[in-house]
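Single-letter residue listing:
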Amino acid sequence: MSTIRVLVVEDDPVAAAAHALYVGRVGGFTVAGVAHTRADAAQFLKRSAVDLLLLDLFLPDGHGLHLLRSLRAAGHGADVIAVTSARDLAVVREGVSLGVVQYVLKPFTFATLRDRLVRYAEFRAAAGEASSQDEVDRALAALRAPQPAALPKGLAGDTLQSVIATLRDAGEEGVTATGAAASLGISRITARRYLEHLVSTGCALRAPQYGQIGRPELRYRRLPGR
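How each quantity is defined
- Residues numbered from 1 in each chain as written.
- Predicted model: local features only at pLDDT ≥ 70, side-chain atom pairs only at ≥ 80, totals over all residues.
- Heavy atoms only, no water.
- Helix = DSSP H or I, 4+ residues; strand = E, 2+ residues; numbered from the N terminus.
- Contact = heavy atoms within 4.5 Å.
- Buried < 20%, exposed > 50% of the residue type's maximum accessible area, 1.4 Å probe, protein only.
- Arc of directions from axis to C-beta.
- Axes fitted to C-alpha atoms, helices over the stretch in contact; angles between N-to-C directions.
- Parallel < 35°, antiparallel > 145°, perpendicular 65-115°, else oblique.
- Left-handed = near helix turned anticlockwise from the far one by under 90°.
- Nonpolar A, V, L, I, M, F, W, Y, C, P; charged D, E, K, R; others polar.
- Phe/Tyr/Trp six-rings, centres within 6.5 Å; stacked < 30°, edge-to-face > 60°.
- Lys NZ or Arg CZ within 6 Å of the ring centre and 35° of its normal.
- Core = buried A, V, L, I, M, F, W, Y, C linked by side-chain atoms within 4.5 Å.
- Salt bridge = Lys/Arg side-chain N within 4 Å of Asp/Glu carboxyl O.
- Pairing = 2+ DSSP bridges.

Here we look at the environment of L7
Its place among the elements puts L7 in strand 1 (residues 4-9). Each residue touching L7, except ones within four places of it in the same chain, is listed here: G33, V34, A35, A41, F44, L45, V50, L52, L53 and L54.

Listed below in structure tokens is the structure:
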């Protein structure tokens, strides 16, 4: 699969640099450019083709959805992940109608954005003709983060999604509670609670990590398809 080219559109230079850094750390993605205004983004897209916009909705020279509406009118078909503090569901609905495939609410961690990008890549990679309704549903489900019906007391949904993304990135090698804690900036005890929850819900497997001095630490691995 070819590399996914991303245009970061964010008026805050510090945030724009952070978002570009995050995108560059995810395999299969590359930052094609950074724009700080609606006009800058429009000019960039006249010169270069991109696959995905990481789009802030509050720009100094106009709303991000106004930019997106004008791009659609001009025939641009790039997908959009909205990165915003906007929580107005009417705006969300309008964004979906214009091709926003994901929303990431500020503030967010690298792991949160990484999870959305990985899911977008999985959705984009789906090709060919669907053989059934289930196959169509699975393709669309790649864009949706799993939503547990109820979490045990003390566990938070956002942190759980970050732990899931860390497991996904670890692949077959898996990750220890110590490794997950270091990656996410949480305590080892907290990381282990989330990992054990994923084991109990059938989303992960655990096994001792041998080959080290002293008591072996458990290593957790994401189950395929979860």
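Section: helix 3 (residues 64-73)
Taken together, the buried positions of helix 3 are G64, L65, L67, L68 and L71. Around the axis of helix 3, the buried residues are gathered within 150° of arc, so they sit on the same side. Following helix 3 by one or two positions, G75 has its phi on the positive side, about 95°.

As for the packing of helix 5 (residues 110-125) against helix 7 (residues 157-170)
Taken N-terminus to C-terminus, the directions of helix 5 and helix 7 make an angle of 55°; their axes are 8 Å apart at the nearest point. Comparing their axes, helix 7 and helix 5 come out oblique. The two elements helix 5 and helix 7 meet at a crossing, and its hand is left-handed. Contacts between helix 5 and helix 7 involve A111, T112, R114, D115, V118, R119 and E122 on the former and, on the latter, S162, A165, T166, R168 and D169. Looking at the contact of helix 5 with helix 7 residue by residue, the class counts come to three nonpolar, three polar and six charged.

Things to note about the environment of G171
Structurally, G171 can be placed in the loop between helix 7 and strand 8 (175-176). For G171, a relative accessible area of 29% puts it in the partly exposed group. Spatially, the C-alpha atom of G171 lies 9.4 Å from that of L223, the residues being 52 residues apart in sequence.

What about the packing of aromatic side chains?
Under the counting rule described, the total for this entry stands at one aromatic pair. When the ring centre of F110 is taken as reference, the NZ or CZ atom of R25 above it lies at 3.9 Å.

Remarks on the nonpolar core
Ranked by internal contacts, the top residues of the largest apolar core, which has 22 residues, are L7, L53 and L55. Only strand 1, helix 2 (38-47), strand 3 (52-55), helix 3, strand 6 (79-84) and strand 7 (100-105) provide two or more residues apiece to this core. Among the elements that take part in this core, helix 3 stands out by supplying four residues, more than any other. In terms of nonpolar packing, the next biggest core, distinct from the first, is built from 19 residues, A20, V26, I81 and F110 among them.

Brief notes about the pattern of salt bridges
Summed over all chains, the structure comprises nine salt bridges. When the shortest N-O distance is used, the salt bridge between D115 and R116 registers 3.0 Å. With its nearest N and O atoms 2.6 Å apart, the salt bridge here joins R168 to D115. Of this pair, R168 sits in helix 7 while D115 sits in helix 5, and the two are 53 residues apart along the sequence.

Here's the deal with the side chain of T166
Mapped onto the elements, T166 comes out in helix 7. Taking the relative accessible area as the measure of exposure, T166 reaches 7% and is therefore buried. Those residues in contact with T166, other than ones at most four positions away along the chain, are R114, V175, A180, S183 and L184.

Some remarks on the sheet that holds strand 7
Whenever strands of a sheet pair, they do so through backbone hydrogen bonds, lying parallel or antiparallel. Overall, parallel pairing links the five strands, which are arranged 2-1-3-6-7 in an open sheet. On the outer flanks of this sheet lie strand 2 (29-35) and strand 7, each paired with one strand and no other. Shown here is a sheet whose adjacent strand axes are inclined to one another by a mean of 20°, direction ignored. In terms of strand pairing, strand 6 meets strand 7 through five bridges, oriented parallel. Residue pairing in the sheet places V83 in a bridge with V104 of strand 7. With respect to the sheet, helix 1 (residues 13-24) is in contact with strand 1, strand 2, strand 3 and strand 6, its orientation differing from that of strand 2 by roughly 165°.

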